[in-house]
Structures are given as structure tokens and as C-alpha cells.
Amino acid sequence: MADPKYRQIAADLQRRIKSEEWPAGTQLPPEPRLEEEYKASRNTIRDAVKWLTVRGLVSTQPGRGTFVNEQIKPFITTLSADQETGLGGGEGVAFTREANLQLMAPVTSIPRVEIQQADEEKAQELGVEVGVSLVSRHQQRFIDDRPYSLQTSFYPMSLVERGGLQLIQAISIEPGTVTYLRETLGIKQVGYRDMIRVRPPNDTETTFFVLPDDGSVAILETRRTAYDSDGNPFRLTVSVFPADRNRFTINVGEVPDEVINPAQGSG
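So, here's what we can say about the structure. (Residues numbered from 1 in each chain as written. Predicted model: local features only at pLDDT ≥ 70, side-chain atom pairs only at ≥ 80, totals over all residues. Heavy atoms only, no water.)

1. What about the packing of aromatic side chains?
Enumeration over the complete set of coordinates arrives at five aromatic pairs. For the ring pair Phe142 and Phe208, a centre distance of 5.7 Å and an interplane angle of 70° mean the geometry is edge-to-face. Of the two residues, Phe142 is situated in strand E6 (residues 133-143) and Phe208 in helix H8 (residues 203-209); the sequence distance between them amounts to 66 residues. Given a relative accessible area of 18%, Phe208 falls into the buried group. Taking the centre distance of 4.9 Å and the plane angle of 70° together, the rings of Phe208 and Phe209 count as edge-to-face. Just as Phe208 is buried, Phe209 falls in that class too. Here a set of aromatic residues connected by ring pairs shows up, and it is made of Phe75, Phe95 and Tyr148. Seen from the ring of Phe154, Lys122 lies directly overhead, with NZ or CZ sitting 4.9 Å from the centre. The lysine or arginine in question, Arg224, covers the ring of Tyr192, its NZ or CZ lying 4.0 Å from the ring centre. (Phe/Tyr/Trp six-rings, centres within 6.5 Å; stacked < 30°, edge-to-face > 60°. Helix = DSSP H or I, 4+ residues; strand = E, 2+ residues; numbered from the N terminus. Buried < 20%, exposed > 50% of the residue type's maximum accessible area, 1.4 Å probe, protein only. Lys NZ or Arg CZ within 6 Å of the ring centre and 35° of its normal.)

2. Digging into the pattern of salt bridges
Summed over the entire model, instances satisfying the criterion amount to 19 salt bridges. Note that Glu91 is salt-bridged to Arg224, the shortest N-O span being 2.9 Å. Note that Glu91 is positioned in the loop between strand E3 (75-78) and helix H4 (92-101) and Arg224 in strand E9 (residues 219-228), a separation of 133 residues in sequence. The pair Glu91 / Arg224 is uniform in exposure class, with both members buried. A salt bridge links Asp119 to Lys122; the shortest N-O distance between them is 3.2 Å. Linked through salt bridges whose partners overlap, the residues forming this network are Glu121, Glu125, Arg197, Arg199, Glu205, Glu221 and Arg223. (Salt bridge = Lys/Arg side-chain N within 4 Å of Asp/Glu carboxyl O.)

3. Here we look at the nonpolar core
Judged by nonpolar contacts, the single largest core of 17 residues is most densely connected at Ile9, Leu13, Ile17, Tyr38, Ile45, Leu52 and Val58. Within the residue set of this core, elements represented by two or more residues are helix H1 (5-18), helix H2 (31-38) and helix H3 (42-54). In terms of residues, this core owes the most to one element, H3, which gives five residues. One finds Met157, Ile173, Leu181 and Ala226 within the second-largest nonpolar core, a separate group that totals 13 residues. (Core = buried A, V, L, I, M, F, W, Y, C linked by side-chain atoms within 4.5 Å.)

4. Observations concerning the pairing of strand E1 (residues 58-61)
As judged from the four bridges shared by E1 and strand E2 (residues 65-68), these two strands associate in the antiparallel manner. Bridge assignment links Val58 to a residue of E2, and that residue is Val68. (Pairing = 2+ DSSP bridges.)

The following block contains the structure:
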């Protein structure tokens, strides 16, 4: 059974975009011209363009027309623990290492540090009372000069009161807060639990990631709760990823190294 007319047209438009007949930033021909070229009705052309829009190949700018989007190279984040560092995938040096293995250049901003009160959700995840003071450390993360993710970690203020003073300093903690808390306070991270949800971007995320205003690009949010050797939660890390430039993997059991690190295995 043949594909519907709009799908056939969409497939040909996609081919022309992929072949760079229409490079990124190029405006698609106006609807009347496409109607004539493909011998199709206006609704059929609109359905074809909508198919391309949903897949992120084009975007429509009101009053201007439809333009070819730049095809963004996806970054793959491994959510399971990093083999080399033992850290949760996508965090700190694990993020940097994974980007380097994919031959991409990572940059993480200096953290913005704030003191916040725990709302009901954060209080439950960190095992504290609602209203307890938390340290918030927020960072922007870029790959090849493009914004790829936002990450905010929350720590009970009690960790600062016990001597973890670097948590409230606007500095990058080297070689990472997990190591710092182990060496300073004897808190050893033995595991973490990820909660993942998909949602529309908010206004701040739309602006930072330069996303379409129509919400066609979803946000994946991970909420990672880290636990110490006594089973107590001591850190909540919320990471935000736009779906148009991020992919995720989880490795369980014995996975060949060339599968986990394909760039490294091809050298």
C-alpha cells in the first residue's frame, strides 16, 4: 500500500534538505510553488511541512515563512555509572569524559549558588523537613559552543554547617562534589536513583536553548537522588535536556567496551 500523498511529498522534501539542496537557514519555497511542483492541494502541502516540523527539520516563523533548521549533532549521555570515574553518568568529570570520547568540546559554567527553602518535592527527595535551607548550585553546560543542558544540584545546609564550606562558594569544586564530600565529611556516595520525565520547556529553557516557541521540542528532566552508605539521601541533582540534541543510554551487565566507547574503539 502506497504512502499517503503528503508523506511522499514530505519524504522528497526531507531528501532535498538532507542533500543540502536547501542548506540550514534556507527558506522553503512558498506553498503555491510547492502546490504547483508536486501537483498537490494546499492542505496536502501543509501536512507535509507539518511532518517535517514535528521532526525538527524545519520551523515556521510567523509572517516570514518556513526555514530549514540546522541539524544538531546529538550528544549521548550514559545514565548508568561511568566505568572510569564511578560517578553517575552526565555529572562532573563523567560529563567531560563522555564529551571528549565523542570528539566534542564540553564547557560548564561557573556555578550560580543560592540558598533556598526546601519545597515539598525536594524535602521528600532529600529526607528533610519542608522549609529547611538548601544550597542550590546551578550550572549551564555547552558542547561545541551550543547549549546542551542545565544542571542544578541541591544539598542540605547541614552539610555546610558540618564543614562543607565549598558548597556555598561560586567555584567549580575539583575533582567534583562527590569526591569533595567524601574527603571532607566522610560521606561516600554508594548509589543513586534517577526519576525521568518528559515535559514542555518553560520560557527560560526556550530562550536558553533557542527552541521553537510552539513547544514542539520536548524537555527531558532527570531528578537524581544520591545516597550515602547509611542509606541517607544527601544530594538532589536536576538536569534538563532538550530532546532535539540529546540521547541517552543505560548499560547493564557486561557490555563490550567498543559499544560503550565507540569513538575510542575506532582509534
